[in-house]
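# Examining the three-dimensional arrangement
If you want the building blocks of each chain, they are given just below.
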Amino acid sequence: VIGTQHQHNLPLPNRLQFNDSNGVLHYFVAAALFNKMTKLTTHLFSSSLVLSLGSVAAFQATTSSFNTLSIPQRGGATTMAIHSTNDAASSDTTTTTTSISSLSSQEILDQYDTFLLDMWGVMHNGSEPYEGVLEAVKELKRVGKKMIILSNSSKRRENSHKMLGKLGFDINDFDNIITSGDVSHALLQNNAHTLGCQNWDTLTTLVEQKSTNVFVFGSGDEDESYCTSAGWTLTSIEEADLILARGTFTINDGSTVVHKKDDEMEYWRVMEQSMMVAAEKKLPMLVSNPDKVRPDEGLPPMPGAIGDTYERFVWTTHCAPVGDMTEEKARDYVKRIGKPFQEVFDIALQDSDPSRAIMIGDALETDVTGATNAGVGSLWVVQDGIHAEDVTKTSAEGVIAGFNGNEFTYAYGKKVMPNYVTEHFRW
């Protein structure tokens, strides 16, 4: 199709296409970004790049090379060597993963004192807690374990307090509740060090220069007050010093709010145009929720997908032959706050021994990768959350192998493997 269009000198598509039917986020970055012929070769190449970053289905692989992971009966544990062969790798990798039936496993209780807990996909499904989770939290509290929630929510921690209360949890059972939104809010004020992590140098410079105009991809829930309370003013993309990716429902420039639910075509048009303008200016972007999809029906896109897409806009706008931008360098313009990135783990572990801490989560890309990067243990929940359907269709090993074979993840080519795997977060 691209060749035909090029032959007839027709405009090429430049689209962000979200296929909600299967949760796949496709990026079509094409030559229509600019009319100058000097940039055509680069964007023609980019237009053929179709990245299925958002879909768990993209992480699947054939399971013929793997043993089927067996979940033991309650109280037992199974240790196995998961042997995965990756055609793109120079050698095979063999990693031992222990399968446990519940959190009451003596091995887990003896080895770990600090439990880092994901919320959505582990503790609840968005509307109600999973079976046995309330009891599991109480039991961990009873045996003296420290529990810290690590949520990639782009909202402040008060919102998580309210949600946990409505779901029947006692927030006093948790030693800390850390949200990406809270940490991002601190970065916007250049005082993230008060939470226990480093500021972003780019934001530090902007705040010190009083260059605090922001253009927002929002959630539609208190986006303006979130920014103004941190000292920022919502403005047009042309006047902005920063882009904040906080949600995938609205686009807010301080005077006009475009709602996806009201006019989806207009929403995508404005997003596309905004990214083109921002990429040309090399505006920095702060992503206050790095999740790429929500573990909900259809796996709808999340702000992390916006961050990935913008990186490619920056890259293809300034790479050879018109510039020297690389994929890796383009990452410098996008700061993601939340799992699997360092800041939230620095805050969570500042009073804990990482070797005695374990991350419990459902997502390989955020929870397990984050644990690997932070040097803590990981317990992967496979029958609730984002990978549940694919694990059921194939196997846990197959999903892991597919993930490790996908270079377009936050692991950036690093092979990750959970230390433990369990069906549900239960005692």
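Another aspect to go through is the overall build of the protein. Counting secondary structure elements, the protein contains 15 helices and 17 strands. Looking at the protein as a whole, 56% of its 427 residues qualify as buried. Within the protein, residue pairs in contact and separated by at least 24 positions form 68% of the contacts whose partners lie at least 6 positions apart.

Under the criterion given, the structure shown has 21 salt bridges. As a salt-bridge pair, Lys138 and Asp170 come within 3.9 Å of each other at their nearest N and O atoms. In this pair, Lys138 sits in helix α4 (residues 133-142) while Asp170 sits in the loop between α5 (157-166) and β7 (176-179), placing the two residues 32 residues apart along the sequence. Lys138 sits in the partly exposed class, given a relative accessible area of 42%. The exposure class assigned to Asp170 is partly exposed, which follows from its relative accessible area of 31%. Between Arg246 and Asp223 there is a salt bridge whose closest N-O contact spans 2.5 Å. Residue Arg246 is located in the loop between β10 (242-245) and β11 (250-252), and its partner Asp223 is located in helix α8 (residues 223-228); the two are separated by 23 residues in the primary sequence. According to the relative accessible area criterion, Asp223 is buried, its value standing at 4%.

Calculation rules
- Counting restarts for each chain, with residues numbered from 1 along the sequence as it is written.
- The predicted origin of the model limits local features to residues at a pLDDT of at least 70 and limits the giving and counting of side-chain atom pairs to 80 or more, whereas totals for whole chains, interfaces and linings rest on all residues.
- As a rule here, side-chain values come from all non-hydrogen atoms in the structure, and water together with hydrogens is ignored.
- Strands are runs of DSSP state E lasting at least two residues, helices are runs of H or I lasting at least four, and both sets are numbered from the N terminus onward.
- Each residue's exposure class comes from its accessible area (1.4 Å probe, protein chains only) as a fraction of the maximum for that residue type: buried when under 20%, exposed when over 50%, partly exposed otherwise.
- We call two residues in contact whenever any of their non-hydrogen atoms come within 4.5 Å of each other.
- The working definition used for a salt bridge is a side-chain nitrogen of Lys or Arg within 4 Å of a carboxyl oxygen of Asp or Glu.

All quantities given are derived from atomic positions and should not be read as evidence of function.
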